[in-house]
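Examination of the molecular architecture
Chain by chain, the residues:
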Amino acid sequence: ARALEGMPRHASTHAAGVIITARPVDEYVPLAVSKDGEGTVTQFEMKTVEKLGLVKIDILGLRNLTIIDEAAAQIRKTKPDFDISRIPDDDEGTYKMLGEGRTLGVFQLDSGGMTAVAVGLKPRSIEDITALIALYRPGPMDSIPKYLYNSAHRDKITYRHPLLKNILEVTYGCIVYQEQVMQIFSKVANYSYGRADIVRRAMSKKKIDELLKEREIFIEGAISNGVSKDVATELFDEMESFAKYAFNKSHAAAYAVISYRTAYLKCKYPKEYYASLITSVLGNVGKIIEYIEECEKLGIKVLPPDVNHSDVNFSVEENSVRFGLLALKNVGRNFISAIVNERIQNGQFKDFDDFLYRLKGSDMNKRQLEALIKGGVFDSFGK
């Protein structure tokens with residue numbers, strides 16, 4: 001057992017990690033075929049790859065981008081010139097909806113805790129949503145009461161030193177982002193941004209030895225800029241405890257734009273948005289029920305699945321949302337696509353026999369038919 005201790009127990013692949021190099025990657029690090037046999041991976045793990053100086057980027061996929069895209073496609077059926085990138089970012093109705101806590105289905109804001117903070121803050125801009133997303137995590141969460149108070153009482157905001165005003169004004173006197181930590185190092189203690197970033201990283205990784213050295217350098221730099229030793233010490237300690245968990249603004253801002261777009265669609269185009277949203281959670285019965293109940297609260301009728309009206313996914317039908325056939329279990333995407341394509345090409349089905357006759361060559365089986373019958377897709381035939 002001792003001979004095995006400390007050895008790698010398995011070789012895994014980072015789901016979103018991508019290495020970028022100037023020349024072919026095998027000139028820098030040894031490569032291997034990934035476990036599934038479909039990709040190429042580095043034999044060194046990510047920390048070693050970083051130490052070697054290679055650029056490592058995490059490229060994340062986001063379900064909500066697909067939801068926005070599909071909702072926009074539904075909207076264009078009635079408004080051909082609709083473009084999600086051109087919506088106003090100051091829509092009053094959207095911010096009113098968020099401030100009232102109607103956040104179900106809104107990206108990043110639909111948990112109970114986030115909804116409560118949104119009600120307290122009553123966001124009025126994408127900047128506010130950005131701060132909300134950055135604050136709602138361990139560490140920064142402690143600043144939420146102060147942030148909410150200051151946002152409501154801007155005349156009472158104070159700064160430890162006048163040098164901090166330009167940096168912290170946008171977040172009502174609170175340190176919220178990693179970038180603000182770097183700006184404070186630069187403006188208060190004359191650090192270059194490159195060096196400020198190294199210190200920020202040391203804080204987030206809790207490298208105590210490095211921080212003890214930097215503490216003295218920061219305090220000296222601050223004193224040379226007219227900041228008292230006490231204020232400089234308090235500021236460094238506050239940043240040190242905060243930077244362990246701080247979020248970077250660039251990430252939070254990108255998320256905030258997506259949050260705002262989903263909120264805007266929910267506010268202005270609820271039928272199209274919920275049709276797309278429900279489609280995205282087809283494997284989750286609890287979520288489907290929750291979103292259908294929300295549709296009913298908004299006065300949107302959810303129509304049952306129908307062989308002559310349903311698409312593969314949930315879709316908009318006049319002032320209602322029509323159930324998508326893909327939500328039915330034991331039918332399968334291929335057979336459902338065959339049904340929809342047959343209907344598009346040769347018109348609606350006249351009755352059950354017509355349906356059987358027209359789809360007889362499409363791998364149809366008894367189990368699928370029973371699922372369709374029990375799902376009620378043939379009810380409009382009067383049986």
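Look up: the structure comes first, before these words.
The structure presented is a predicted model; accordingly, all values stated were derived computationally and were not measured.

What the protein contains, in helices and strands, is 17 helices and 7 strands. The C-alpha atoms of the protein give 28 Å as radius of gyration, which overshoots the globular expectation for 383 residues (21 Å, by more than 25%). Projected onto its principal axes, the C-alpha coordinates of the protein cover approximately 90 × 65 × 40 Å. Restricting the contact set of the protein to residue pairs at least 6 apart, pairs at least 24 apart contribute 58%.

Let's shift gears to the pattern of salt bridges. Enumeration over the complete set of coordinates arrives at 21 salt bridges. Across the pair glutamate 100 and arginine 102 runs a salt bridge whose closest N-O atoms are separated by 2.9 Å. Using a relative accessible area of 37% as the deciding quantity, one classes arginine 102 as partly exposed. With a closest N to O distance of 2.6 Å, aspartate 237 and arginine 215 form a salt bridge. With aspartate 237 in helix H11 (residues 229–243) and arginine 215 in helix H10 (residues 208–224), the pair connects residues that are 22 residues apart, well separated along the chain. Relative accessible area serves as the criterion here: at 32%, aspartate 237 is assigned to the partly exposed category. Its relative accessible area of 22% is what places arginine 215 among the partly exposed residues. Salt bridges sharing partners connect three or more residues here, namely Glu50, Lys56 and Asp58.

We now examine helix H4 (residues 112–121). All of the buried residues along H4 are Met114, Thr115, Val117, Ala118 and Leu121. One side of H4 carries all its buried residues, which in axial view fall inside an arc of 165 degrees. Where H4 is buried, its residues contact helix H3 (92–99), helix H5 (126–135) and helix H6 (144–152). Where H4 terminates, the next one or two residues include lysine 122, which has phi positive at roughly 50 degrees.

Enumeration according to the criterion identifies 16 aromatic pairs in this entry. Where phenylalanine 185 meets phenylalanine 218, the ring centres are 5.0 Å apart and the plane angle is 65 degrees; that geometry is what we call edge-to-face. One end of the pair, phenylalanine 185, is in helix H8 (residues 178–189); the other, phenylalanine 218, is in helix H10, with 33 residues separating them in the sequence. Comparing phenylalanine 185 with phenylalanine 218 shows no difference in burial state: the two are buried. Here phenylalanine 185 and phenylalanine 236 contribute two aromatic rings whose centre-to-centre distance is 6.1 Å and whose plane-to-plane angle is 80 degrees, an arrangement assigned as edge-to-face. Of this pair, phenylalanine 185 sits in helix H8 while phenylalanine 236 sits in helix H11, placing them 51 residues apart in sequence. Under the relative-accessibility criterion, phenylalanine 185 is labelled buried at 0%.

Take the packing of H4 against H6 next. Any two packed helices are characterised by the angle at which their axes cross and by the distance between the axes. Two elements in contact, H4 and H6, have axes separated by 9 Å at closest approach and are oriented at 25 degrees. In terms of their interaxial angle, H4 and H6 are classed as roughly parallel. For the pair H4 and H6, contact is made by Val117, Gly120 and Leu121 and by Ile144, Tyr147, Leu148 and Ser151, respectively.

The next thing to look at is helix H15 (residues 333–346). Between its terminal C-alpha atoms H15 stretches 20 Å, which fits the 20 Å expected from 14 residues at 1.5 Å a residue. Of the positions making up H15, those classed as buried are Phe335, Ile336, Ile339, Val340, Glu342 and Arg343. Taken end-on, H15 shows its buried residues confined to a sector of 155 degrees, consistent with a single buried face. For H15, the exposed residues lying more than 90 degrees away from the buried face are Asn334, Ile344 and Gln345. Turning to H15, the residues buried within the fold contact helix H16 (352–358) and helix H17 (366–374). Of the residues trailing H15, glycine 347 is marked for its positive phi of about 90 degrees.

Scoring rules and cut-offs
Numbering of residues begins from 1 in every chain and follows the order in which that chain's sequence is written. Side-chain atom pairs in this predicted model are given and counted only at pLDDT of 80 or more, local residue features only at pLDDT of at least 70, and totals for whole chains, interfaces and linings cover all residues. Excluding hydrogens and water, the side-chain figures rest on all heavy atoms present in the structure. Helix and strand labels come from DSSP, where a helix needs a run of H or I of at least four residues and a strand needs a run of E of at least two; each type is numbered from the N terminus. Radius of gyration here is computed from C-alpha atoms only, and the compact-globule reference equals 2.2 Å multiplied by the residue count raised to the power 0.38. The criterion used for residue contact is that any of the two residues' heavy atoms lie within 4.5 Å. Salt bridge criterion: a side-chain nitrogen from Lys or Arg within 4 Å of a carboxyl oxygen from Asp or Glu. Buried means the residue's accessible area, taken with a 1.4 Å probe over protein chains only, is under 20% of the maximum for its type, while exposed means over 50%, and partly exposed covers the values in between. What the arc measures is the spread of directions leading from the helix axis to the C-beta atoms. We call Phe, Tyr and Trp rings a pair once their centres come within 6.5 Å, taking the six-membered ring for Trp, and we label the pair stacked below 30 degrees between planes, edge-to-face above 60, and tilted otherwise. To get an axis, a line is fitted to the C-alpha atoms, and for a helix only the part in contact is used. The angle between two axes follows their N-to-C directions and goes from 0 to 180 degrees. Should an angle fall under 35 degrees it is taken as roughly parallel, and over 145 as roughly antiparallel, whereas 65 to 115 is taken as roughly perpendicular and any remaining angle as oblique. Each residue after the first adds 1.5 Å to the expected span of a helix.

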